[in-house]
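Single-letter residue listing:
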Amino acid sequence: MGPASLLRAFFVVHWALPSAAAVVSGLSFGHHPLLVAGVALACVALRPIHMGPILRTVIVVSVLSPLWSASLELYEWMVTKVIEGWEFIGTFPSIFLRVPGRLLYIVLFLVVATVAGFLQVVLILGPLFALIELESRGRQYSRDRRAGRVMALLEDPTGGPPPRFSLYLRPFATTGHLASNAVGVQASATEQPGNIQTDFEAILAAAFPAHLPLIALGRPGTLLPTRPEGVNTWPINRTWDIPGTGKVACTEDDWQDKVKLLARQAELIVIVPLAFAGTVWEIRWLHENRLLDKCVFVMPATMEGARDYSGAWKQATRVLRSLGVRPPAYQESGRLLMVAKGQDVMRSLPSFVHAPLPRATALLLQFAFLRRRRRELAGGRR
């Protein structure tokens, strides 16, 4: 078994590996069976975007092992000793001893804290972020390989049974800019943004299981940036890029032919209908070939500190109306929309996003119901 085969085998157990680690660690370290079952279930149900199976396994084993409780006890012991040292200096009989003693104590504390922080970066954070980056590239590589296999089977049907997949269409200019979630949003428009943005493509990619992937045209191996423009604070500018949809390589000469081939065979087509030349051509072609009812239209959200898509949506509305489709007015929160077969009004999809679930997990359920509904309408085909 070569390296590529080992990598594929590893990603098959993408969700099973952390769950198995939870069970083995929980039972080995004597945790309550209900706690073990809860952690294992969480490893299956959650659809993490920034973390792959190796990192989640490391976190699960660390938290369930005695190392976690020992580190908490060590931290509490250190805090206690710091407080005791400060109070001990306060018992000095003279202010001329207490003031320089406390100044020296503060300097010593700052030196120790700086050294401890440096060691934490070198020994813990550095390897951790390196693992995030390495695993993100591995996950993207796996998705790209899967997308390449889908394309190969469509171009040469004799190579195996028809693949099941969904297609993601969007203007290339929006890659990395469809911010749908943010952490640490800036306080005002005049301040430098300090948030870590999550592109909606990453959430979509995590919402589709490995055996029913979401693929797109693009450059294989490219990760989605989460660092906002203008922010250069380590480690955000180094290792926070995350995987997106699996990419099928294309050129200026063949991208339209590949879109046609993929769109005809896809179970669902997820499209960001903004008024860019390539996307307008895709929408018109889908309309001419009566495939709009297979599409899920993404109204991009506008997050504070990110791009405002209200103007772009108005332009897209004019294109859709010229085809007889009536989209709704723009909402900053964004929406998922569909056009039912034989109708012309875009309607919002019932959403699980506001349920007490991670967004990728909610979308996983939503798209699973959509695929099932389409198969029922098609008489059980696919």
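Residues numbered from 1 in each chain as written. Predicted model: local features only at pLDDT ≥ 70, side-chain atom pairs only at ≥ 80, totals over all residues. Heavy atoms only, no water.

*Asks:* Sorry, what's going on with helix α2 (residues 16-28) here?
*Replies:* Along an α-helix, residues three or four apart share an orientation, since each turn contains 3.6 residues. Given a rise of 1.5 Å per residue, 13 residues ought to cover 18 Å, and the 18 Å separating the end C-alpha atoms of α2 matches this to within 8%. Looking at α2, one finds that the buried residues are Pro18, Ser19, Ala21, Ala22, Ser25 and Gly26. Taken down its axis, α2 places every buried residue within 160 degrees of arc, on the same side. Exposed and facing more than 90 degrees away from the buried side of α2 are Val24, Leu27 and Ser28. (Helix = DSSP H or I, 4+ residues; strand = E, 2+ residues; numbered from the N terminus. Expected span 1.5 Å × (residues − 1). Buried < 20%, exposed > 50% of the residue type's maximum accessible area, 1.4 Å probe, protein only. Arc of directions from axis to C-beta.)

*Asks:* Please clarify how the pairing of strand β1 (residues 166-169) should be interpreted in this entry.
*Replies:* Along a regular strand, successive side chains alternate from one face of the sheet to the other. Alternating residues of β1 divide into Ser166 and Tyr168 and Leu167 and Leu169, and every residue in both groups is buried. Summarising the sheet, β1 and strand β6 (residues 269-271) pair through three bridges and their orientation is parallel. Across the sheet, Leu169 pairs through a bridge with Ile271, a residue of β6. (Pairing = 2+ DSSP bridges.)

*Asks:* Explain the pattern of salt bridges here, please?
*Replies:* Should the charged atoms of two oppositely charged side chains come close, the side chains can pair. For the structure on display, the rule yields five salt bridges. Glu133 is paired through a salt bridge with Arg137; the nearest N and O atoms lie 3.8 Å apart. Of this pair, Glu133 and Arg137 both sit in helix α6 (residues 95-155), four residues apart, which is roughly one turn of that helix. A relative accessible area of 27% means that Glu133 is categorised as partly exposed. The residue Asp254 makes a salt bridge to Lys258 at a minimum N-O spacing of 3.6 Å. Residue classification places Lys258 among the buried positions, given a relative accessible area of 14%. (Salt bridge = Lys/Arg side-chain N within 4 Å of Asp/Glu carboxyl O.)

*Asks:* I'm lost on the packing of helix α4 (residues 53-64) against α6 in this one. Help?
*Replies:* For any two helices packed against each other, one specifies the inter-axial angle together with the distance between the axes. α6 packs onto α4 with a crossing angle of 145 degrees between their chain directions and a minimal axis gap of 9 Å. Across the interface between the two elements, Pro53, Ile54 and Leu55 from α4 touch Leu128, Leu131, Ile132 and Glu135 from α6. Grouping the amino acids of the contact of α4 with α6 by side-chain chemistry returns six nonpolar, no polar and one charged. (Axes fitted to C-alpha atoms, helices over the stretch in contact; angles between N-to-C directions. Contact = heavy atoms within 4.5 Å. Nonpolar A, V, L, I, M, F, W, Y, C, P; charged D, E, K, R; others polar.)

*Asks:* Got a minute to help me understand the packing of aromatic side chains in this structure?
*Replies:* One pair of aromatic rings is described through two measures. These are the centre distance and the angle between the planes. This structure, assessed with the given rule, holds five aromatic pairs. Each ring, one from Phe208 and one from Phe367, has its centre 4.8 Å from the other, and the planes form 35 degrees; the classification is tilted. One end of the pair, Phe208, is in the loop between α7 (200-207) and β4 (214-217); the other, Phe367, is in helix α12 (residues 359-377), with 159 residues separating them in the sequence. The two residues Phe208 and Phe367 agree in class, both being buried. Both rings, one in Trp281 and one in Trp285, keep their centres 6.5 Å apart while their planes meet at 20 degrees; by these two values the pair is stacked. One end of the pair, Trp281, and the other, Trp285, are both in helix α10 (residues 277-288), four residues apart, so they sit about a helical turn from each other. With a relative accessible area of 7%, Trp285 lands in the buried category. (Phe/Tyr/Trp six-rings, centres within 6.5 Å; stacked < 30°, edge-to-face > 60°.)

*Asks:* Honestly, the environment of Pro100 in this entry has me stumped. Any pointers?
*Replies:* In this structure, Pro100 sits in helix α6. For the pair Pro100 and Ile89, spaced 11 residues apart in sequence, the C-alpha separation works out to 9.7 Å.

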